[in-house]
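Residue strings, one per chain:
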Amino acid sequence: MNPTETRLYPPSETTVRNAHVSGRPAYEALVAEAEADHQAYWGRLAREFVSWKKPFTRVLDDSEAPFFKWFADGTLNASYNCLDRNIERGLGHKTAIIFEADDGTVTHITYAELLERVCRTANALKSLGLKKGDRVVIYLPMSIEGVVAMQACARIGAIHSVVFGGFSAHALRDRIADTGAVLVMTADEQMRGGKALPLKTIVDEALTLGGCDSVRHVLVARRTGAPVPFAAPRDLWMAELVDAQPTTCEPEWVEAEHPLFLLYTSGSTGKPKGVQHATGGYLLHAALTCYWTFDLKPEDVFWCTADIGWVTGHTYIAYGPLALGATEVMFEGVPTYPDAGRFWKMIQDHLVTVFYTAPTAIRSLIKAAEATPSVHPRNYDLSTLRILGSVGEPINPAAWEWYHEHVGGGRCPIVDTFWQTETGGHMITPLPGVTTLVPGSCTLPFPGIAAAVVDETGNDLPWGQGGILVVKKPWPSMIRTIWGDPQRFKNSYYPEEFQGRYYLAGDGAVRDAQTGYFTITGRIDDVLNVSGHRMGTMEIESALVACTELVAEAAVVGRPDETTGEAICAFVVLKRPRPTGEEAQKIAAQLRDWVAKEIGPIAKPKDIRFGDNLPKTRSGKIMRRLLRSVAKGEKITQDTSTLENPAILEQLANKS
Ligand code: 6R9
C-alpha cells in the first residue's frame, strides 16, 4: 500500500444529491455536532434510530470508565427493532432475506415470515427453560436459521455466541466452556463448494473434550439430511421443536447494557477473547452505519458476503440491514463454486445494489478472471450496483482500482470500512455522498468517532507521521468487557501507557499530510490478518506445541502474501533431529493437519520451517523481528549482536 497515493475519486453529483449524508458540509456539520456535545449527538441518534420500550434519560455513564455504559436506564429489544417494528411500518410483505444456497437454490423470506420463525424459535428456547442472560452457542451454517437463531436469542434476552463453522471441535469446546452455554444450536452438516462438511459430529466431539457440563441441550437443524449421531434427550431436532410452538412471542425488554452477544476473537495472547457487546449501543451503530455508510434506502438490495461467524456477519447481516427494514442477500457457499463468477452472477440475479466484501475475495477473483476470462465480471450485468464496500484488511490500490472499474463500472463509490470485532461497526470509512476517495485509504472517521494517531505515550502525532491508532472518546457500540475477564479488557484496550484514557485499537495508522485521511498500516501486536481473519500468533504457537509427541518449540510470524494479505509462517523445533527433504514435508503436512484440528483450517501455517533451535537473545527470548525477515526471504540487515546462535538464521531460511 502506498500512503502517498494520489489518484482521487470524488463522488458524482447524483450520488451526492441522493445520499443520506449529502456532501462534505453535511458531514462536517455532523462532526461539529458531535464535537460540540458528544452525548447530545449520540442521544439524538439513539432516539432516531432505535425504538425504546422505556426511553433512556441519560446518554453516557462514565463513572466506572473504561467500563462505559450507554443509554443505561432505557429498555429495548433488538429483535423487536429488527422485525416487529418493520411490520408495524407496513413492511410485513417486504422480502427481508434472499437466501441462495450452495447449489443455487433461492429462498425468499418476508419480514412477517421471519418474525414468525423467530418467535417460534424463541418459544422453543423458552420451552427448554432458557431465560434472559443464558448463553447459547450457535454453530450453524450460513443460513436463514442462523439469523433466526441469533434473533431468537435476542428476543428472549439470551446471549448468543456464534462460532464460525470452520472452527474445530477444540476451538468450539473452548468457546462453549468459556461462555458456560446451556444450549448449542447446530445443523447436521453444512454445504460449501459442493461438499458436505460436518457440524453435528464436531459438536459431539467438542462436548466430549471436557469443560462443557453447562450444556443441557443440542438443537439440531437439518441441512443435508445426512444421518448423524443423536443422543436424546440431550439432542433435539430443531424443526420438531420449533414447528410445535406458538407463532408469537412477547419480546423480553432488556436494559440497554444487557449483553446482546459474545464473539470470540484473537488477541496477542494464546486464548481468544470473548468480546461482549451491549444491546442498545450496538444496535444503534449497526443501524446508523447501514444508513450512512451504505446509504441503505427502501429499494436497495444489500449483500454482505461475510459469514455470520464473524462480526461483519453480525452487524451487516443479522442486525443492521434488518434494523432498517432492508432487503438483503445471504449466501451459503463460496465465491469460486461452481466457478469464480458466482458473486457476479448473484449480483446480476438478485439485482444487488450495495455489495460488501473483503479484499481477499477480490484479489482471488481478479486472479481467477485473469486465468479464465469467462468468469470476468464484464460478462455479467452489474448495472444495478451503486455502492461497493470493503472490509477486514487493507485493500491494496491495484485491487481497489479493479473493483472500482470492473465491478463498479467506474461509477460506484467504494467504502473502505475500517473497524473491528471490538468496535461493533464502522469506525473510519468514506461516506458515499461525501468523501473523495483515495485507493488504499479508509479516509475519515465516522461522525462521532474520535479516532486519532498518537505516539507510545499517547501524545498526538502530526499528520504525515505514522503511529498508534486510538479512539479518544467512548462510543455506543464499543466492546463492554471481555467475558469473564474485565482485567484483560482494561489491559488490552485501555492500557496504563495512555493512563487508561484512550481505546487502543491494536493497529498502526498514518494520516495523510494534506487531507488528514487515515491509512491503516497493520497490527502493532502479535495478531495476523489472513484473508481478513484475525489469528493470534500465540494461539497458533500454543496449538503447535500442544503436539507434544513431535514439537519441542514453535514460533509463528506473518509474512506478506499476494492473495491472503498475510500468510502464517511457523518455525518449529522438533523433539527429534531436524528433518529435511521428503521427511520434512511429511511432518509439515502432519503439523498443518494438527493445527486444523486444534483451531480450524484457517489457522494452518502456509510455511513450516524446521530448525535445531530458534533465534534467541542471550536471555532466551525468541527474536521475532528476525523471524519476520526470514519469513519474507529478506537479507538480515538488522542488528544480530544480541543473538545467541546466529547460524540458526541460515538454517531457517530454507523452506521445507
Ligand atoms: C471488521 C473486522 C479487525 C482488524 C483490524 C485491522 C483489520 C479491518 C480494515 C482493516 C485495514 C480496513 N481491518 N478492516 N485494516 N483496512 N478497512 O474485520 O473485524 O475480524 O475483528 O478484524 O482487521 O487490523 O484491527 P476483525
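Keep in mind that what you see is a predicted model, and the values were worked out from it rather than measured.

Chemist: Explanation requested: the packing of helix α16 (residues 537-545) against helix α17 (residues 581-598) in the structure shown.
Modeler: The description of two helices packed together rests on the angle between their axes and the distance between the axes. Look at α16 against α17: their axes get within 9 Å of each other, and the N-to-C directions meet at 115°. On the basis of their axis angle, the class for α16 and α17 is roughly perpendicular. For the crossing formed where α16 meets α17, the hand is right-handed. Of the residues in α17, those in contact with Ile540, Ala543 and Leu544 of α16 are Leu591, Trp594, Val595 and Glu598. Grouping the amino acids of the contact of α16 with α17 by side-chain chemistry returns six nonpolar, no polar and one charged.

Chemist: Can you walk me through the nonpolar core in this structure?
Modeler: One recurring pattern in soluble globular proteins: nonpolar side chains tend to sit buried together. Grouped together as the largest cluster of nonpolar side chains are 171 residues, with contacts concentrated most on Leu114, Met185, Tyr319, Val572 and Leu591. Top contributing element to this core by residue count: helix α6 (residues 144-156), with nine residues. The next biggest cluster of nonpolar side chains, apart from the first, holds 32 residues, and it includes Met346, Ala361, Ile366 and Ala399.

Chemist: Just checking my understanding: could you explain the UniProt feature "binding site: Mg(2+)" (unreviewed entry) in the chain for this structure?
Modeler: Listed under "binding site: Mg(2+)" (unreviewed entry) in the UniProt record, and renumbered for this structure, are Val545 and Val551. Tracing the backbone through its elements, the reader meets Val545 in helix α16. Among residues more than four places away in sequence, those in contact with Val545 are Val551, Ala552, Glu553 and Ala554. Within the element layout of this structure, Val551 appears in strand β28 (residues 551-561).

Chemist: Is there a simple way to explain the side chain of Ser161 in this structure?
Modeler: Following the sequence through the fold, Ser161 ends up in strand β7 (residues 159-162). Within the structure, Ser161 has its side chain in polar contact with the backbone oxygen of Leu262 (distance 3.1 Å). Every residue in contact with Ser161, bar those within four places of it in the chain, is listed here: Val136, Val137, Ile138, Thr179, Leu262 and Tyr264.

Chemist: Explanation requested: the pairing of strand β22 (residues 467-471) in the structure shown.
Modeler: Remember that side chains alternate between the two faces of the sheet whenever the strand is regular. Burial runs high along β22: five of the five residues are buried. When strand β21 (residues 451-454) meets β22, the two strands line up antiparallel, connected through four bridges. The residue of β22 that forms the bridge with Val454 is Ile468. Inspection of the sheet shows β22 paired to strand β24 (residues 503-511) by four bridges, in the antiparallel sense. Along β24, the bridge assignment pairs Val470 with Leu504.

Chemist: Where do I start with the sheet that holds β21 in this structure?
Modeler: Strands pair in a sheet through their backbones, by hydrogen bonds, and they do so in one of two ways: parallel or antiparallel. A sheet is described by the order of its strands in space; here four strands give the open sequence β21-β22-β24-β25, paired in antiparallel fashion. Among the strands making up the open sheet, the edge pair consists of β21 and β25 (518-523). The mean inter-strand angle of the sheet, taken between neighbouring strand axes irrespective of direction, is 45°.

Chemist: Please explain the UniProt feature "binding site: CoA" (unreviewed entry) in the chain as it appears in this structure.
Modeler: Mapped onto this numbering, the UniProt entry annotates "binding site: CoA" (unreviewed entry) at Arg192, Gly193, Gly194, Lys195, Thr312 and Ser531. Spatial dispersion of the annotated residues is evident: they stretch over 340 residues in sequence, and the largest pairwise C-alpha distance comes to 24.4 Å. Assessed through its relative accessible area of 24%, Arg192 is described here as partly exposed. Residues in contact with Arg192, not counting those within four places in the same chain, are Asp102, Met142, Phe164, Leu197, Asp307, Glu332, Gly333 and Val334. Note that Gly193 resides in the loop between β9 (189-192) and β10 (195-198). When sequence neighbours within four positions are dropped, the list of residues in contact with Gly193 reads Asp102, Val334 and Tyr337.

Cut-offs and rules
- Residues numbered from 1 in each chain as written.
- Predicted model: local features only at pLDDT ≥ 70, side-chain atom pairs only at ≥ 80, totals over all residues.
- Heavy atoms only, no water.
- Axes fitted to C-alpha atoms, helices over the stretch in contact; angles between N-to-C directions.
- Helix = DSSP H or I, 4+ residues; strand = E, 2+ residues; numbered from the N terminus.
- Parallel < 35°, antiparallel > 145°, perpendicular 65-115°, else oblique.
- Left-handed = near helix turned anticlockwise from the far one by under 90°.
- Contact = heavy atoms within 4.5 Å.
- Nonpolar A, V, L, I, M, F, W, Y, C, P; charged D, E, K, R; others polar.
- Core = buried A, V, L, I, M, F, W, Y, C linked by side-chain atoms within 4.5 Å.
- Buried < 20%, exposed > 50% of the residue type's maximum accessible area, 1.4 Å probe, protein only.
- UniProt positions renumbered as here; feature names shortened; annotations may be inferred.
- Polar contact = N/O pair within 3.5 Å; in protein donor to acceptor, adjacent residues only side chain to side chain.
- Pairing = 2+ DSSP bridges.

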